[in-house]
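Breakdown of the fold
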Amino acid sequence: MSISFIRRQNVINLARDWRGPQGVVSRDDPLPVIDVEKLLRWAYRDELPKTPRMKLMLAAGPRDSRGTGAVKADQAGELWAVIENDFGVVPDPFAAEGPHADARAVHEAVCALDAVTLDLPDDWSPLADLGDLHGHAAALCARAMARLTKVDPDGARRLRASPRRLIMYHAIMGGIPDWEIEPPAVEVVKTANGMPRWFVKKLVPFDGPCGRVENEVEVDGFDRKRRVPVDGAYQKTVLEPDPTDGVVARAEWEVWRAALDLVTEDLRGRLTKWDVVASSRPVRPWETPMAEGRVLREGETGIGWGA
């Protein structure tokens, strides 16, 4: 089961209003088609920098220890500036004209991604190609989702960073989310000297706000004197290398790929220069046969999600 989005249509409709009540461009002749990824690169690399409006953001090193918020005189050299325009890209100060209207439409569609919430299946897992993980799969997916998402008070699951940022990052920087994972080995947890560790659960009493209670804690389960595990002791396993980062990256791939489809849907029939078509990349490349599932195109490399 793959990740998808639930749209808040009223917000998305507002993003279309600048094109007119219907948002659809009327024309008689068919337009050339363009892949949505190429369209995004054209908009964010070639067109949207063409605006004179700039925002200057300053960042600095450590603040004054007195808590005034001022930067110390000897740290002034640590000041640096980031210049971007209203579209979140570095402006071209030599541009003779503003961005094409279609590029503005692209940016509006990308910004509309802020209005979506995550539709996550209960059995979501991107681990089918990794073999038997000996009970670690569910915990892996839970850790990945905890890093990527949060649940609003109304129960809606949202990404901690909007899909807009993911789309813009790869449109500007190139590349794709790196979904490939080195298959991990299941290994027994060991001590510093390489011996298997043993664990046992034990009830430990303590004084709580409601009186004396017992908590179950996990402690060392090896009898040092007898040099044998105690009764009820067990071993634990870990995955080496830890694939959590890879699971997060696969979730990012699915978010990015679903967001591309939303942008395509919002822009179809609304441009004057091209007709946009959906990406041909697979939704879950790790489930696609290798001969067909390579998602790197000529000249591309896998790149992670930037800030």
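1. Side note on helix 6 (residues 244-267)
In this model, helix 6 (24 residues) spans 35 Å end to end at C-alpha, consistent with the 34 Å of a helix rising 1.5 Å per residue. Extensive coverage of helix 6 is indicated by the burial of 21 of its 24 residues. Among the residues trailing helix 6, Gly269 stands out with phi positive, at a value near 80°.

2. Here we look at the packing of aromatic side chains
Taken as a whole, this structure holds four aromatic pairs when the rule is applied. With a centroid separation of 4.8 Å and an interplanar angle of 90°, the aromatic rings of Trp42 and Trp274 are classed as edge-to-face. In this pair, Trp42 sits in helix 2 (residues 36-47) while Trp274 sits in the loop between helix 6 and strand 14 (275-277), placing the two residues 232 residues apart along the sequence. The exposure classification of Trp42 matches that of Trp274, with both residues buried. The interplanar angle of 25° and the centroid separation of 6.3 Å between the aromatic rings of Phe199 and Tyr234 together place this pair among those described as stacked. Note that Phe199 is positioned in strand 9 (residues 199-208) and Tyr234 in the loop between strand 12 (228-229) and strand 13 (237-240), a separation of 35 residues in sequence. Relative accessible area serves as the criterion here: at 6%, Phe199 is assigned to the buried category. A residue is classified by how much of its surface remains accessible, and Tyr234, at 24% relative accessible area, is partly exposed. Positioned above the aromatic ring of Phe199, the side-chain terminus of Lys236 is 4.3 Å from the ring centre. Lying over the aromatic face of Trp274, Lys273 brings its terminal NZ or CZ to 5.0 Å of the ring centre.

3. Here we look at the confidence of the model for the chain
When pLDDT is averaged along the chain, the result is 80, and 76% of the positions lie at 70 or above. Ranking the elements of the chain by mean pLDDT puts helix 7 (residues 290-293) last, at 37, and helix 2 first, at 97. Confidence drops under pLDDT 50 across residues 9-22; counting only partners more than four residues distant or on other chains, this segment forms 23 contacts.

4. Points about the packing of helix 4 (residues 137-148) against helix 6
At a closest axis distance of 9 Å, the pairing of helix 4 and helix 6 adopts a crossing angle of 60°. The pairing of helix 4 with helix 6 is recorded here as oblique in orientation. Viewed along their axes, helix 4 and helix 6 form a crossing whose handedness is right-handed. Of the residues in helix 6, those in contact with Leu140, Cys141, Arg143, Ala144, Met145, Arg147 and Leu148 of helix 4 are Thr244, Asp245, Val247, Val248, Ala251 and Glu252. Partitioning the contact of helix 4 with helix 6 into residue classes produces eight nonpolar, one polar and four charged.

5. A closer look at the environment of Val36
Positionally, Val36 belongs in helix 2. Apart from the residues lying within four places of it in its own chain, the contact partners of Val36 are Leu260, Val263, Thr264, Val276, Val277, Ala278 and Ser279.

6. Quick word on the pattern of salt bridges
Applying the stated criterion across every chain yields a total of 14 salt bridges. Residue Arg226 pairs with Asp223 through a salt bridge whose shortest N-O separation is 4.0 Å. Overall, the relative accessible area of 60% leaves Arg226 in the exposed class. Close ionic contact of Arg284 with Glu287 constitutes a salt bridge, the shortest N to O distance being 2.6 Å. Each member of the salt-bridge network shares a partner with another, and the members are Glu254, Arg284 and Glu287.

7. Details of helix 5 (residues 163-173)
For helix 5, the complete set of buried residues consists of Pro163, Leu166, Ile167, Met168, Tyr169, His170 and Ala171. The opening residue of helix 5 is Ser162, an N-cap whose side-chain oxygen sits 3.0 Å from the backbone nitrogen of Arg164. Immediately downstream of helix 5, the backbone of Gly174 shows phi near 85°, a positive value.

Reading guide: rules and limits
Residues numbered from 1 in each chain as written. Predicted model: local features only at pLDDT ≥ 70, side-chain atom pairs only at ≥ 80, totals over all residues. Heavy atoms only, no water. Helix = DSSP H or I, 4+ residues; strand = E, 2+ residues; numbered from the N terminus. Expected span 1.5 Å × (residues − 1). Buried < 20%, exposed > 50% of the residue type's maximum accessible area, 1.4 Å probe, protein only. Phe/Tyr/Trp six-rings, centres within 6.5 Å; stacked < 30°, edge-to-face > 60°. Lys NZ or Arg CZ within 6 Å of the ring centre and 35° of its normal. pLDDT = per-residue confidence, 0-100. Contact = heavy atoms within 4.5 Å. Axes fitted to C-alpha atoms, helices over the stretch in contact; angles between N-to-C directions. Parallel < 35°, antiparallel > 145°, perpendicular 65-115°, else oblique. Left-handed = near helix turned anticlockwise from the far one by under 90°. Nonpolar A, V, L, I, M, F, W, Y, C, P; charged D, E, K, R; others polar. Salt bridge = Lys/Arg side-chain N within 4 Å of Asp/Glu carboxyl O. Polar contact = N/O pair within 3.5 Å; in protein donor to acceptor, adjacent residues only side chain to side chain.

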